[in-house]
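# Observations on the model geometry
These are the residues of each chain, in order.
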Protein chains: 2
Amino acid sequence: MKNKDAVTALGALAHESRLAIYRLLVAAGHEGLAAGVIAERLHLPPATLSFHLKELSHAGLAISRQEGRYVIYTANFGNALKLVNYLTENCCGGNSYLPECAAVPAAAETAN
Amino acid sequence: MKNKDAVTALGALAHESRLAIYRLLVAAGHEGLAAGVIAERLHLPPATLSFHLKELSHAGLAISRQEGRYVIYTANFGNALKLVNYLTENCCGGNSYLPECAAVPAAAETAN
DNA sequence: TTCATATTTCCAATAATATGGAAATATTAA
DNA sequence: TTAATATTTCCATATTATTGGAAATATGAA
């Protein structure tokens, strides 16, 4: 992961509403959530939600698919993992005691 | 870690210069770096650097100490880990959507 | 069709961040 | 002392991000 991509992803998560949106998406798994459901749960006006969803999508942290007249959003788990690995390697000195799921790929990647 | 703290920390790292600063601090380890050294390495004017260092400090990601006429900055590794843990808990931990998570049953390193 | 619902885009106002010169402050050396 | 160096604060400006109503677009239902 390049520095610039990390900055973009970090910036996408560095907002209360977007972090909340992302956490909802993570909780929803691969099934995802319709935009309207997110709007309802977080009490966000449609235009505001759309703006934040676009930010998350552009940052590579959310993926959308049209399903009927709904647009379903899912978390991009692969890129979330890349971000965590980047932070672990570059910001924690490679030390991460918790997540094996994050630490293992980092170890396999070796020096960077 | 509270959502608000996570947003603050993410925001602090979501800037090219600050991410670069933080990575320098991580590389410098416990010893840390004088502000002037950081300014020189990243070609940042004193006022601009000071602004970013303040952001990192306020976010709990950097610690400063006065040493003679220098101010030495170090990375706050503990808080960086907390941030990574927060992200893995909320953004990829606690579920099996990631193949890496499912594929690694606490194999190699010291778990948790 | 025509209507109802879902979502996005447009847009302009507002808010938040970033920039860096210049002055102020802090510390040491002479 | 006085001078020199290191860093921060002040402050005006510039840039970017956020907000949400209203209009536009998309799809399915009647």
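Attention now moves to the sheet that holds strand 3 (residues 70-75) of chain A. The strands making up a sheet are joined through hydrogen bonds of the backbone, oriented either antiparallel or parallel. Residue and element names in this part refer to chain A. Ordered in space as 1-3-2, the three strands form an open sheet in which the pairing is antiparallel. The open sheet is flanked by strand 1 (33-34) and strand 2 (62-67), the only strands paired with a single partner. The pairing of strand 1 with strand 3 spans two bridges and is antiparallel. The residue bridging Ala34 from the neighbouring strand is Ile72, located in strand 3. Relative to the sheet, helix 2 (residues 16-28) contacts strand 1, strand 2 and strand 3, its axis offset from that of strand 3 by approximately 90°.

Residues and elements named next belong to chain A. Judged from the six bridges that link them, strand 2 and strand 3 form a sheet pairing that is antiparallel. For Ala62, the partnering residue across the bridge sits in strand 3 and is Ala75. Hairpin connection, strand 2 to strand 3: the antiparallel pair is bridged by two residues, and Gly68 has positive phi, about 65°.

Taken together, 20 residues form the shell around DNA strand C, and within it A:Gly36, A:Tyr73, B:Arg18, B:Ala47 and B:His52 come nearest. Take the atoms of DNA strand C that sit within 4 Å of the protein: sugar and phosphate atoms are 72% of them. Within the backbone of A:Gly36, a nitrogen or oxygen atom sits 2.6 Å from a phosphate oxygen of DNA strand C. With four residues, helix 4 (residues 46-58) of chain B is the single largest residue contributor to the surface near DNA strand C. Considering only residue class, the surface near DNA strand C consists of 10 nonpolar, seven polar and three charged.

This part takes up the side chain of A:His52. Residues and elements named next belong to chain A. Within the secondary structure, His52 sits in helix 4 (residues 46-58). A distance of 3.1 Å separates polar atoms of two side chains, one belonging to His52 and the other to Arg18. Excluding residues that lie within four positions of it along the chain, His52 makes contacts with His15, Ser17, Arg18 and Ile21.

Moving on, we come to the pattern of salt bridges. All names here are of chain A. Here the structure, examined in full by the defined rule, presents two salt bridges over all chains. Where Arg65 meets Glu67, a salt bridge forms, and the shortest distance between an N and an O atom there is 2.8 Å. The class of Arg65 is partly exposed, set by a relative accessible area of 32%.

Reading the values: rules and limits
- Residues numbered from 1 in each chain as written.
- Chains lettered and ligands numbered in written order.
- Predicted model: local features only at pLDDT ≥ 70, side-chain atom pairs only at ≥ 80, totals over all residues.
- Heavy atoms only, no water.
- Pairing = 2+ DSSP bridges.
- Helix = DSSP H or I, 4+ residues; strand = E, 2+ residues; numbered from the N terminus.
- Contact = heavy atoms within 4.5 Å.
- Axes fitted to C-alpha atoms, helices over the stretch in contact; angles between N-to-C directions.
- Near = heavy atom within 4 Å.
- Polar contact = N/O pair within 3.5 Å; in protein donor to acceptor, adjacent residues only side chain to side chain.
- Nonpolar A, V, L, I, M, F, W, Y, C, P; charged D, E, K, R; others polar.
- Salt bridge = Lys/Arg side-chain N within 4 Å of Asp/Glu carboxyl O.
- Buried < 20%, exposed > 50% of the residue type's maximum accessible area, 1.4 Å probe, protein only.

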